[in-house]
Amino acid sequence: MNILVCISKAPDTTSKIAFTDGNTKFDTNNVQYIVNPYDEWYALVRALELKEANGGSVTIITVGAAEDESIMRKALAIGADKAVRINTEALDGLQVAKEIANYAKANAYDIVFTGKETINYNGSQVGGMVAELMDAPFLSLASKLDMNGNTATAELDVKGGKQVVETSTPFVVSCAKGMAEQRIPNMRGIMQARTKPLEVVEPSTSGTQASVASYDLPPAKADVKLLDPENMDELVRLLHEEAKVI
Amino acid sequence: MAVVVYIDTDKGVNKAAQEAVTYAKKIADKVGGDVIACTSGSADGLAGLGDFGASKVITANTENSDPQQITRFVSTVANDNGAKVIVFSQDPIGKAVAPRVAARMDAGHAPGAIDVPNTDGGFTVKTNTFSGKAFSNISITSDVKVISLLPNSLPPASLGGTASVEAFSGDLGSAGIKVLETKGQGGALSLPEAELVVSAGRGLKGPENWGIVEELANELGAATACSRPVADIGWRPHHEHVGQTGVAIRPNLYIAAGISGAIQHLAGVNGSKTIVVINTDAEAPFFKAADYGVVGDAFEVLPKLTEAVKKFNANN
Ligand SMILES: Cc1cc2nc3c(=O)[nH]c(=O)nc-3n(C[C@H](O)[C@H](O)[C@H](O)COP(=O)(O)OP(=O)(O)OC[C@H]3O[C@@H](n4cnc5c(N)ncnc54)[C@H](O)[C@@H]3O)c2cc1C
Ligand SMILES: Nc1ncnc2c1ncn2[C@@H]1O[C@H](COP(=O)(O)O)[C@@H](O)[C@H]1O
């Protein structure tokens, strides 16, 4: 079973979110980058478990600049066999998806794994776009995935519950919590990652359909209004008359 | 010209559907054309979507809301009507379908929209990014534009009017996914759509203490939520976990008891219109993000608040 795992880079979850150049660029000062948690904890680990059970290979793919290679090495340290970097900084999700879909089609992968979303763009879009471009099913928001030959059984998050579904390879899956348990890379993994193949491929597409024109920060909150714990009638009154939420 | 909006009416014409149609109508008022609503199945009250601005509702018999069939359905309707804008709700079906439709139509996509697009000299959509810590203004330059609207971003606006309802006659193709079973999570309100949410964290000390949280939620008609460690240790189900790595919500009221207010937790809830924090520690970071704060013991404050809400409900 040949598996492709889409790995993106995201600012550490404690990063201060600020912008520069008239609010048009994310301020990367003092920002540490990590592997997007959904990609690392769930997509990559489940892909490795399936390979361990069924044989095959796990390739990771990142659409990004050379500086993204540090997070790619981390994914290799966790256990991926090889890495591919598409050498472009895409401006929108569709461009990322086109690059990934072109690579996946040319190399006949059985499963393409993505995270549920990136924690910086929160698009939840790249996986579905890749699936459409491959004309393949998309198991969106999967919290469980089992393979039996070419048949997949998955549990998907749907409105108000879960759905158990079946499909067959090739398909794309986006991974949510529950899919797997985070793996911490060990020393051996980290040493091996340094010499695992990391191929750089030039982009096959150009142009975008959307881009971020500017960013805004939420307006600063006014100071908290503290209430007497003995007087909850007052809180209810404020919620009704001032905040108008009940 | 038209604005096409896909709505999920599996559980009837709910508020999310009304919001999406209202949003589509506001866009149509700017870019011109009628609003055509697309939905799977045949829920009651579809003609009533006219009240929110739809002139036509088209229904299709997709198998279990299969994303590939819905994609063909919506793309066909959009092409047939020369739609320039296609709207989805950013719910599980929207997340499965909107990106597919965007890729199929080679259209730019704005995921997580919270406001009506700015069409002065372009087409820019304000969206939630950095897990609610910031907004992106996404400029879409393609001819066709796809937008996924975050639930609870704008109230449904009743305009009066009814819509015609017709069946889709195009080709849906085959379903790519077979549904074997659907498991409900119990009558609970769906968290992302709830207007009122009562949430609790590790400060509640153990799962046996959630009664006081549920009583307040019941009295308010609110959904319940929790912090991540509480879901991780199994005190509460995973679908209640809110925050950067859980569900992101933007209710009108978020009440947090015994939650410290870590940055990753705030990321998922700071889009809430009003935040109430109950914590024994006056230094808890959550107070900085709160509108109203109660420095006190949740075990005493929650029951008192429930009583106060009961009194309020009896008088209103
Ligand atoms: C990558 C990453 C992602 C994460 N994602 C999330 C996420 O999505 N969501 C999330 O919630 N967390 C997330 N976290 C964890 C987050 O950093 C915090 O650890 C977590 O939110 C703390 O949960 P808590 O507030 O329930 O517990 P604690 O931090 O232990 O806080 C308990 C609070 O209860 C108060 N308290 C104690 N007793 C009482 C009482 N009797 N009455 C009232 N108050 C009381 C205490 O003063 C304290 O403030 C993430 C962390 C990382 C590293
Ligand atoms: N630049 C990228 N390179 C590789 N994979 C990506 C990239 N951006 C997003 N992805 C994948 O697509 C998923 C969803 O991303 P998004 O649509 O931005 O929320 C992520 O969890 C990744 O698995």
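Residues numbered from 1 in each chain as written. Chains lettered and ligands numbered in written order. Predicted model: local features only at pLDDT ≥ 70, side-chain atom pairs only at ≥ 80, totals over all residues. Heavy atoms only, no water.

1. Things to note about the site of ligand 1
Residue and element names in this part refer to chain B. So the rule is basically this: Near residues are defined by distance, with any heavy atom within 4 Å of the molecule or strand qualifying the residue. Polar contacts here mean pairs of N or O atoms no more than 3.5 Å apart (in protein, one a potential hydrogen donor and the other a potential acceptor; neighbouring residues in sequence count only if both atoms are side-chain atoms). Accessible surface area values rest on a Shrake-Rupley calculation with a 1.4 Å probe, where residue burial reflects the displayed protein chains alone. Helix and strand assignments follow DSSP, with helices taken as H or I runs no shorter than four residues and strands as E runs no shorter than two, numbered in order from the N terminus. Gly is put with the polar residues, along with every residue not named as nonpolar or charged; the nonpolar set is Ala, Val, Leu, Ile, Met, Phe, Trp, Tyr, Cys and Pro, and the charged set is Asp, Glu, Lys and Arg.
Residues in close proximity to ligand 1 total 28 residues, the closest being Ser227, Thr245, Ser260, Gln264 and Asn279. Here arginine 228 contributes a backbone N or O atom positioned 2.9 Å from an oxygen atom of ligand 1. Within the backbone of threonine 280, an N or O atom sits 3.3 Å from a nitrogen atom of ligand 1. With the chains in place, 79% of the 990 Å² that ligand 1 exposes on its own is no longer accessible. Only α5 (228–232), α6 (263–269) and α7 (298–315) provide two or more residues apiece to the shell around ligand 1. Among the residues forming the shell around ligand 1, the class breakdown is 7 nonpolar, 16 polar and 5 charged.

2. Thoughts on helix α2 (residues 69–78) of chain A
Convention followed: Whether a residue is buried, partly exposed or exposed follows from its accessible area with a 1.4 Å probe, protein chains only, as a fraction of its type maximum: under 20%, in between, or over 50%, in that order.
Among the residues making up α2 of chain A, those that are buried are Ile71, Met72, Ala75, Leu76, Ala77 and Ile78 of chain A. Two residues or fewer after α2 of chain A comes glycine 79 of chain A, characterised by a positive phi angle close to 145°.

3. Remarks on the pattern of salt bridges
Test applied: A side-chain nitrogen of Lys or Arg and a carboxyl oxygen of Asp or Glu constitute a salt bridge if their distance falls within 4 Å.
Tallied over the entire structure, the rule returns 35 salt bridges over all chains. One salt bridge in this structure joins aspartate 21 of chain A and lysine 25 of chain A, with 3.5 Å as the shortest N-O distance. A salt bridge links lysine 311 of chain B to aspartate 233 of chain A, with the shortest nitrogen-to-oxygen separation between them at 2.7 Å. Of this pair, lysine 311 of chain B sits in helix α7 while aspartate 233 of chain A is found in helix α6 (residues 232–241), placing the two residues in two different chains. For lysine 311 of chain B, a relative accessible area of 47% puts it in the partly exposed group.

4. Quick word on the packing of aromatic side chains
Under the convention used in this document: Aromatic rings from Phe, Tyr and Trp, with only the six-membered ring used for Trp, were paired whenever their centres fell within 6.5 Å, and each pair was classed as stacked if the ring planes differed by under 30 degrees, edge-to-face if by over 60, and tilted otherwise.
Per the counting criterion, the structure on display carries 12 aromatic pairs over all chains. On the basis of an interplanar angle of 90° and a centroid distance of 6.0 Å, the ring pair of tryptophan 41 of chain A and tyrosine 42 of chain A is categorised as edge-to-face. Comparing tryptophan 41 of chain A with tyrosine 42 of chain A, the two get one shared label, buried. Measuring from ring centre to ring centre gives 6.2 Å for tyrosine 103 of chain A and tyrosine 109 of chain A, while their planes differ by 25°; the resulting arrangement is stacked. With respect to class, tyrosine 103 of chain A is no different from tyrosine 109 of chain A; both count as buried. Among the aromatic residues, those joined into a cluster by ring pairs are Phe19, Phe26 and Tyr215 of chain A together with Phe130 of chain B.

5. Points about the sheet that holds strand β12 (residues 223–226) of chain B
This is how the line gets drawn: Here, a strand pair is defined by DSSP locating no fewer than two bridges between the strands. Think of each axis as a best-fit line through the C-alpha atoms, taken over the contacting stretch in the case of a helix, with angles from 0 to 180 degrees between the N-to-C directions.
Strand order in the open sheet formed by 6 strands is β15(A)-β15(B)-β14(B)-β13(B)-β11(B)-β12(B), with parallel pairing between adjacent strands. With one partner strand each, in any of the chains shown, β15 (225–227) of chain A together with β12 of chain B form the two edges of the open sheet. Strand-to-strand twist of the sheet, defined as the mean angle between neighbouring strand axes without regard to direction, takes the value 20°. Pairing analysis gives 4 bridges linking strand β14 (residues 274–279) of chain B to strand β15 (residues 292–295) of chain B, with the strands arranged parallel.

6. Some details on the site of ligand 2
All names here are of chain A. What surrounds ligand 2 is a group of 20 residues, the closest being Cys6, Asp39, Thr118, Ser124 and Gln125. At 2.8 Å, a backbone N or O of cysteine 6 approaches an oxygen atom of ligand 2. At a separation of 2.9 Å, an oxygen atom of ligand 2 approaches a polar backbone atom of glycine 115. In isolation ligand 2 offers 490 Å² of accessible surface; the protein chains occlude 94% of this area. Looking at the shell around ligand 2, the elements that each hand over two or more residues are β6 (57–63), α3 (93–106) and β8 (111–115).

7. As for the sheet that holds strand β10 (residues 178–184) of chain B
Definition in use: Note on contacts: a residue pair qualifies if any of its non-hydrogen atoms lie within 4.5 Å across the two residues.
Pairing is mixed across the open sheet formed by 10 strands, whose spatial order is β13(A)-β7(A)-β6(A)-β1(A)-β8(A)-β12(A)-β9(A)-β10(A)-β11(A)-β10(B). The open sheet terminates on both sides in strands that have one partner only, identified here as β13 (198–201) of chain A together with β10 of chain B. Between one strand and the next, the sheet's axes are offset by a mean angle of 30°, whatever the strand orientation. Each of β1 (2–6), β6, β7 (82–86), β8 and β13 of chain A is contacted by α3 of chain A, which is oriented at about 150° to β6 of chain A, the strand it contacts most.

8. Here's the deal with the confidence of the model for chain B
For the record, the criterion: Residue-level confidence of the predictor is what pLDDT reports, using numbers from 0 through 100.
With 98% of its residues at a pLDDT of at least 70, chain B reaches an overall mean of 95. We note a pTM of 0.93 for the whole complex and an ipTM of 0.93 for its interfaces.

9. Section: the pairing of strand β10 (residues 151–158) of chain A
All names here are of chain A. Across 6 bridges, strand β9 (residues 138–148) lies against β10 in antiparallel orientation. Pairing of alanine 142 across the sheet is with leucine 156, part of β10. Between β9 and β10, which pair antiparallel one after the other, the connecting turn spans 2 residues, and glycine 149 there sits at a positive phi close to 60°. Where β10 meets strand β11 (residues 161–168), 8 bridges bridge the pair, whose relative direction is antiparallel. The residue of β11 that forms the bridge with valine 158 is glycine 161.

10. Looking at the packing of helix α1 (residues 37–54) of chain A against α2 of chain A
Residue and element names in this part refer to chain A. As a reminder, the rule being used: Angles are sorted into four bins: roughly parallel if under 35 degrees, roughly antiparallel if over 145, roughly perpendicular if 65 to 115, and oblique for all others. In a left-handed crossing the near helix is turned counterclockwise from the far helix by less than a right angle, and in a right-handed crossing that turn is clockwise.
Closest axis-to-axis distance for the α1/α2 pair is 10 Å, and the angle between their directions is 40°. Put simply, α1 runs oblique to α2. Taken as a pair, α1 and α2 cross one another with a handedness that is right-handed. Here α1 contributes Glu40, Leu44 and Leu48 to the contact with α2, which in turn contributes Lys74, Ala75 and Ile78. Of the residues contributing to the contact of α1 with α2, the split by class is 4 nonpolar, no polar and 2 charged.

11. Comments concerning the side chain of glutamine 244 of chain B
Residues and elements named next belong to chain B. Along the chain, glutamine 244 falls in the loop between α5 and β13 (253–257). Residue glutamine 244 is classed as buried on the basis of its relative accessible area of 4%. Only 3.4 Å separates the side chain of glutamine 244 from the side chain of lysine 133, close enough to count as a polar contact.

12. Thoughts on the interface of chain B and chain A
Size of an interface: often given as the accessible area lost when the parts come together. In plain terms, the rule: Each of two parts loses accessible area, computed with a 1.4 Å probe, when they are put together; buried area is these two losses added.
Opposite the 84 residues of chain B that make contact, chain A presents 78 residues. Across the chain B/chain A interface, buried area totals approximately 6,700 Å², and carbon plus sulfur atoms make up 56% of it. The tally of links between chain B and chain A comes to 13 salt bridges. Across the salt bridge formed by aspartate 106 of chain B and lysine 98 of chain A, the nearest N and O atoms sit 2.8 Å from each other. Across the chain B-chain A interface, the total number found is 40 residue pairs in polar contact (both at pLDDT 80 or more). Here the side of chain B that touches chain A is built from residues that sort into 33 nonpolar, 31 polar and 20 charged.

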